[in-house]
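# An overview of the molecular structure
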Protein chains: 2
Amino acid sequence: MTDLVARLRAGLPADAVLTDPGVARSYANDMASFCAAGSPAVVVLPRTVEQVQHVMRTATALRVPVVPQGARTGLSGAANASDGCVVLSLVKMDRIVEINAVDRIAIVEPGVINAVLSRAVAEQGLYYPPDPSSWEECTIGGNIGTASGGLCCVKYGVTAEYVLGLEVVLADGRLLSTGRRTAKGVAGYDLTRLFVGSEGTLGIVVRAVLALRPAPPEQLALAAEFPSTAAACAAVCTIMERGHAPALLELMDRTSVRAVNALTHMGLPESTEALLLAAFDTPDPSADLAVVGQICTEAGATEVVPADDAAESELLLQARRQTLPALEAIRPATMIDDVCVPRSRLADMIDGTAAIADKYDLTIGVCAHAGDGNTHPVVCFDAADPDESRRARESFDEIMALGLELGGTITGEHGVGVLKKEWLARELGPVGVELQRGIKSVFDPLGLLNPGKLF
Amino acid sequence: MTDLVARLRAGLPADAVLTDPGVARSYANDMASFCAAGSPAVVVLPRTVEQVQHVMRTATALRVPVVPQGARTGLSGAANASDGCVVLSLVKMDRIVEINAVDRIAIVEPGVINAVLSRAVAEQGLYYPPDPSSWEECTIGGNIGTASGGLCCVKYGVTAEYVLGLEVVLADGRLLSTGRRTAKGVAGYDLTRLFVGSEGTLGIVVRAVLALRPAPPEQLALAAEFPSTAAACAAVCTIMERGHAPALLELMDRTSVRAVNALTHMGLPESTEALLLAAFDTPDPSADLAVVGQICTEAGATEVVPADDAAESELLLQARRQTLPALEAIRPATMIDDVCVPRSRLADMIDGTAAIADKYDLTIGVCAHAGDGNTHPVVCFDAADPDESRRARESFDEIMALGLELGGTITGEHGVGVLKKEWLARELGPVGVELQRGIKSVFDPLGLLNPGKLF
């Protein structure tokens, strides 16, 4: 038994320290392709703040890197292990500490699963909006670390907007409180927000105060078929320009539509170039859908299908939810990109991505959180074919270059991790990188927290 | 002419460098009481980013402190000059660069006045919510520096939630871009948010990308009279607990009501212990007001007066808007506190403040953004009376101590500045202060930017 393991065991229950190499290897990766991962020395599963502090004190004393993990559903390699590291899995810290309807907050540990929290607050007539597509598995801690988004963002914003305060174990084991449990607060620099999206590189989030909203009325959706991406994106722009507030506004390109049909036999219209899905959770969603349907028709939609009730809405949204699995079935491997552009440039982004697919002779399906201009081009390839893999990686990068050229960002909601770290430098520029590295040194002077991520 | 002035003049137009001691002195203070201010060596009023860079390069070369200023309407001394400093006033950089209804953003220079922007976006059917009470004078740059709030926050949140990206001149004159002009983005640490509320201690904001919303329907308001603070606060809690979304929810205590009557002869009900004002900008505000009026009655309101139209609403809201001037008329000087507590503790905060007023034999009127739990106790005193001044300062501090005890923060929206810097350390604790100082050193290693503020 190594010194590391012995010292970890001194402050952790026996079942919280996993050393079997096969077990440890199973904690090596999140769900990203093309991301290097090392072999952890040990996996720890603490259940208390004190145990997390013990892990960090031990790691600091022995100068061992620590990789924090939630459910490892991330798409950028941010949770990938490095060789000889301690994997610090927070999944056993999964208590909902408090739900308060008057203050509209929840206080949770990091391992609480997004869907578990969502259901618990719904029982009290409340709503925790962030809904990444992995919401049945992913944890709140992971959502905070990666600043997750989801379908709801066009109306309700991203995870960052729901994190009011944090408790964080620092690299040296000290405990930091940030933020507040009040509705407002401006006492000092906003450290809370600094941790959101920091991918475990600044500290270990062990508790979070989250803002909640009142539960909205049930959604009602419509689907609209368009003869071109440009027409669908023009409808998106008009919907937003006229001040509508859809609870989701999603676009699927023709490749995505056909893939979903192939997987599910849903019978979506294969002749459509772009399928737009809009939903409203307003007091009178039918009225909103009627107006938005009219905008779609005026923009050139060949068919507009509004749902009559929640069950029909759910059927329409299934198409969108099946897009990723459907595209993943086309070739043995996929890479999912996450470029977000100003919504006025959405058509340029999607059409440009189609041109990149042609250039590299690849299938790239695009689904998009259209209302936010956030596209998810899914590059389909065979990892066993070196040339196809090279083309996949190059096209993936070219999509990010296009996004930056259109005034966008390389990542709307999936984060940087290992996958996009060269690209982060390109987006931030040298001054931005220098300052970000400076901040990293303030919180983690020994560079032990999730090394090799972000920068 | 000093070397400093000569070097500043080399890169600035003649009328952008003010050296007259009387003129310079007029830039020494913002609107806070009890805050030390020094004499600036020179005041500069740049019109371009390059000119700001020249100022910062010069200041760094000569190791001269720089105090950035907007309209100096702040309430914490954050814009107060220090001896021998360069006052860097951004008020001449007042261009609205772009308003984009499709992307729902505005791009502005820091000297744009809040009301000017609000009116400009309203002309395009858009809405910039943050509405500090100084909105007719204060600048967007100042709002960003102090993370301003306002009446709208209970529904629309604070300034921080509307800042998507920034251009910032650093202490050494280099230009930094942060954030994005897209709806979403998670590329690296959130430097944008770090600047919001940093009170000019990290860099000089020279451009901002702001999020806009669709213009809401016109507000309709009601006023409700309560026989006790506890009853009014119980109504506030029930309104929020049941999921209502008032566009404002304000409370005035008896002292405030009487002060407003004395100033304006409005004829507000002097027997009321707490006057609650609620407004809705929903599609059917009358219906919402009816429900909320019923909640008020059930909580013990002795009278509920809903407005029939926008003009009547405006009359009701005038009472709230006149509260500060009215309290300021009671004694020669005032200090306005800004404690924010969880809304479930609002009654404890307001009653506790009344007890503090009794203890120190002072008049302290309280108005509150009740829906946010954000109280503004206004301590009225005579600065020429040393004993009364001492009691004013002590009561002001005791109010903050009470706020912290109730799980709140020392500042919901006015910031720390000079006024509350000892209290910031108390709220953050030593670990928080150490990290915040570390961040400050990364951005401003020479300590030239707004020295003596925050810490």
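Conventions we followed
- Residues numbered from 1 in each chain as written.
- Chains lettered and ligands numbered in written order.
- Predicted model: local features only at pLDDT ≥ 70, side-chain atom pairs only at ≥ 80, totals over all residues.
- Heavy atoms only, no water.
- Helix = DSSP H or I, 4+ residues; strand = E, 2+ residues; numbered from the N terminus.
- Rg over C-alpha atoms; globule rule 2.2 N^0.38 Å.
- Buried < 20%, exposed > 50% of the residue type's maximum accessible area, 1.4 Å probe, protein only.
- Contact = heavy atoms within 4.5 Å.
- Areas by Shrake-Rupley, 256 points an atom, 1.4 Å probe, with all protein chains shown as cover.
- Lys, Arg positive; Asp, Glu negative; His and termini not counted.
- Charge placed at Lys NZ, Arg CZ, Asp CG, Glu CD.
- Salt bridge = Lys/Arg side-chain N within 4 Å of Asp/Glu carboxyl O.
- Buried area = accessible area lost by both parts, 1.4 Å probe.
- Least-squares fit on C-alpha atoms with pLDDT ≥ 70 in both.
- UniProt positions renumbered as here; feature names shortened; annotations may be inferred.
- Axes fitted to C-alpha atoms, helices over the stretch in contact; angles between N-to-C directions.
- Parallel < 35°, antiparallel > 145°, perpendicular 65-115°, else oblique.
- Left-handed = near helix turned anticlockwise from the far one by under 90°.
- Nonpolar A, V, L, I, M, F, W, Y, C, P; charged D, E, K, R; others polar.
- Core = buried A, V, L, I, M, F, W, Y, C linked by side-chain atoms within 4.5 Å.
- Phe/Tyr/Trp six-rings, centres within 6.5 Å; stacked < 30°, edge-to-face > 60°.

## Brief notes about the overall build of chain A
The secondary structure content of chain A amounts to 15 helices and 18 strands. A globule of 455 residues ought to have a C-alpha radius of gyration of about 23 Å, and chain A, at 22 Å, matches this closely. For chain A, the spread of C-alpha atoms along the principal axes amounts to about 70 × 55 × 45 Å. The buried share of chain A, taken over its 455 residues, is 61%. Contacts in chain A between residues at least 24 apart in sequence constitute 73% of all its contacts with a sequence separation of at least 6. For chain A, the exposed area adds up to about 15,700 Å²; of that, 51% sits on carbon and sulfur atoms. Counting 37 positive and 56 negative side-chain charges, chain A places the centres of these two groups 8 Å from one another.

## Considerations on the pattern of salt bridges
Residues and elements named next belong to chain A. All told, the structure shown has 47 salt bridges over all chains when counted by the stated rule. A salt bridge links Glu109 to Arg95; its shortest N-O distance comes to 3.3 Å. Here Glu109 is found in the loop between β6 (105–108) and α4 (114–122), whereas its partner Arg95 is found in the loop between β4 (86–89) and β5 (96–100), with 14 residues between them in sequence. Look at the salt bridges and you will find they share partners, linking Asp387, Arg390, Arg391 and Glu394 into a network.

## Focus: the interface of chain B and chain A
On the side of chain A, 69 residues touch chain B, which itself brings 69 residues to the contact. Both sides of the chain B and chain A interface together cover about 5,700 Å² of buried area, and 63% of this is carbon and sulfur. Among the residues chain B hides against chain A, the three largest losses belong to Lys184, Val186 and Tyr189 of chain B. Together they make up 17% of the total. The set of elements that each furnish at least two residues to the side of chain B that touches chain A consists of β9 (175–179), α7 (191–195), α8 (229–241) and α15 (421–443) of chain B. The element contributing the most residues to the side of chain B that touches chain A is α15 of chain B, with 13 residues.

## With respect to the relation of the copies chain B and chain A
The second copy of the chain is related to the first by a rotation about an axis and a shift along the axis. With an RMSD of 0.0 Å, the fit of chain B onto chain A corresponds to turning through 180 degrees and sliding 0.0 Å along the axis. Each copy turns onto its partner about a two-fold axis. Across chain B, the smallest distance between a C-alpha and the rotation axis is recorded for Ile439 of chain B, namely 3.0 Å.

## Re the UniProt feature "domain: FAD-binding PCMH-type" (unreviewed entry) in chain A
According to UniProt, the "domain: FAD-binding PCMH-type" (unreviewed entry) feature falls on residues 36–215 of chain A. As annotated, residues 36–215 of chain A comprises 22% helix and 24% strand, and the C-alpha atoms at either end are separated by 41 Å.

## Some details on the packing of α8 of chain B against helix α13 (residues 346–359) of chain B
Residues and elements named next belong to chain B. Axis separation between α8 and α13 bottoms out at 9 Å; the angle between their running directions is 155 degrees. The pairing of α8 with α13 is recorded here as roughly antiparallel in orientation. Between α8 and α13 the crossing geometry is right-handed. Each of Thr229, Ala230 and Cys233 in α8 lies in contact with α13, whose residues at this interface are Leu346, Ala347, Ile350 and Asp351. Taken together, the residues that form the contact of α8 with α13 break down as five nonpolar, one polar and one charged.

## Overview of the nonpolar core
Grouped together as the largest cluster of nonpolar side chains are 146 residues, with contacts concentrated most on Phe443 of chain A together with Phe443 of chain B. In contact with Phe443 of chain B, not counting residues within four places along its chain, are Leu435 and Ile439 of chain A together with Leu170, Ala171, Leu191, Leu194, Phe195 and Leu202 of chain B.

## Comments concerning the packing of aromatic side chains
Residues and elements named next belong to chain A. Under the counting rule described, the total for this entry stands at ten aromatic pairs over all chains. Between the aromatic rings of Phe195 and Phe443, the centroid separation amounts to 5.4 Å while the plane-to-plane angle is 85 degrees, which identifies the pairing as edge-to-face. Of this pair, Phe195 sits in helix α7 (residues 191–195) while Phe443 is found in helix α15 (residues 421–443), placing the two residues 248 residues apart along the sequence. Taking relative accessible area as the criterion, Phe195 reaches 1% and is therefore assigned buried.

## Considering the environment of Ile113 of chain A
Locating Ile113 of chain A in the fold gives a position in the loop between β6 and α4. With residues near it in sequence (within four places) discarded, Ile113 of chain A still touches Trp135, Glu136, Glu137, Cys138 and Thr139 of chain A.

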